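Here is what each chain is made of, one letter per residue.
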Amino acid sequence: MRKLAGVIAVAALVAAVPTQAVAQGAARPFNIGGQVSFGGDSDLGIGVRYENQLNSLMPSMPTLRAVGSFDFFFPGQGVDWLEFNIGAVYGFSGMSGGAITPYAGGGLNIARVSVDLGTLGSSSNTEVGLNLIGGARFRAMGSMTPYAEVRLELGGGEQFVITGGLLFF
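Everything numeric in this text was worked out from a predicted model, so none of it was measured.

1. Digging into the overall build of the protein
(1) Moving on: Looking only at helices and strands, the protein has one helix and eight strands in total.
(2) Moving on: The buried share among the 169 residues of the protein stands at 36%.
(3) Moving on: Taking contacts inside the protein between residues at least 6 apart in sequence as the whole, the part at least 24 apart equals 49%.
(4) Moving on: Counting every atom, the protein has about 9,100 Å² of accessible surface; 68% of that belongs to carbon and sulfur.

Below is the structure:
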């Protein structure tokens, strides 16, 4: 239960910092927010997400973004499942009048599963794999942009994940 409280506290802090920066008029080239995920093997998860435009590095690809996320899943009592994801996605702008911007990409997945074995101690395993990513960003609602995403993990977590959340900017 303490781990869950810690994850929620970190997610709340990360979500509050961008809101304060916007309120103070600070310009930011990145987005950060919270997300809820559902994994085929790991059940429900909560996490944080970071996105950064790469147009200063690649002006010919203005909709290319670096994406990073951390999810803490709740597969069952005595099991901890954490995932880190980092990758790049390309937004297909100009579709659907700007209400929805689909994107696709790929990246790296690092998954760590720990199991409490009671009196025998615990066991854990960390694996690295690749992600195939597809999703959509929706029209901004004030200072928040909703998104929905699917991620196929090839290696690492080796699961199909559905994620949705809000980015703050």
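Now, onward.
2. A word on a negative patch on the surface
(1) Moving on: Judged by side-chain charge, Asp 41, Asp 43, Glu 127 and Glu 158 come together as a negatively charged surface patch.
(2) Moving on: One can find Glu 127 in strand β6 (residues 122-138).
(3) Moving on: Classification of Glu 127 as partly exposed rests on a relative accessible area of 33%.

3. Notes on the pattern of salt bridges
(1) Moving on: Evaluated as defined, the whole model comprises eight salt bridges.
(2) Moving on: In this structure, the salt-bridge partner of Arg 151 is Asp 71, at a minimum N-O distance of 3.4 Å. Separated by 80 residues along the polypeptide, Arg 151 in strand β7 (residues 144-155) and Asp 71 in strand β3 (residues 64-76) bring together distant segments of the chain.
(3) Moving on: Owing to a relative accessible area of 0%, Asp 71 belongs among the buried residues under this scheme.
(4) Moving on: Salt-bridge contacts for Glu 153 lead to Arg 151; the nearest nitrogen and oxygen are separated by 3.3 Å. An identical accessibility class is assigned to Glu 153 and Arg 151; each is buried.
(5) Moving on: Sharing partners across several salt bridges, the network here consists of Arg 49, Glu 51, Arg 65, Asp 71, Glu 83, Arg 137, Glu 149, Arg 151 and Glu 153.

4. A word on the sheet that holds strand β1 (residues 30-39)
(1) Moving on: A barrel is described by the order of its strands in space; here eight strands give the closed sequence β1-β2-β3-β4-β5-β6-β7-β8, paired in antiparallel fashion. Taken pair by pair, the neighbouring strands of this sheet meet at an average axis angle of 25 degrees, ignoring direction.
(2) Moving on: Strand direction decides the pairing type here: strand β4 (residues 79-91) and strand β5 (residues 100-116), joined by 13 bridges, are antiparallel. For Asp 80, the partnering residue across the bridge sits in β5 and is Ser 114.

What counts, and at which threshold
Residues numbered from 1 in each chain as written. Predicted model: local features only at pLDDT ≥ 70, side-chain atom pairs only at ≥ 80, totals over all residues. Heavy atoms only, no water. Helix = DSSP H or I, 4+ residues; strand = E, 2+ residues; numbered from the N terminus. Buried < 20%, exposed > 50% of the residue type's maximum accessible area, 1.4 Å probe, protein only. Contact = heavy atoms within 4.5 Å. Areas by Shrake-Rupley, 256 points an atom, 1.4 Å probe, with all protein chains shown as cover. Patch = residues over 30% accessible without salt bridge, like charges linked within 9 Å, V, L, I, M, F, W, Y side chains within 5 Å. Salt bridge = Lys/Arg side-chain N within 4 Å of Asp/Glu carboxyl O. Lys, Arg positive; Asp, Glu negative; His and termini not counted. Charge placed at Lys NZ, Arg CZ, Asp CG, Glu CD. Pairing = 2+ DSSP bridges. Axes fitted to C-alpha atoms, helices over the stretch in contact; angles between N-to-C directions.

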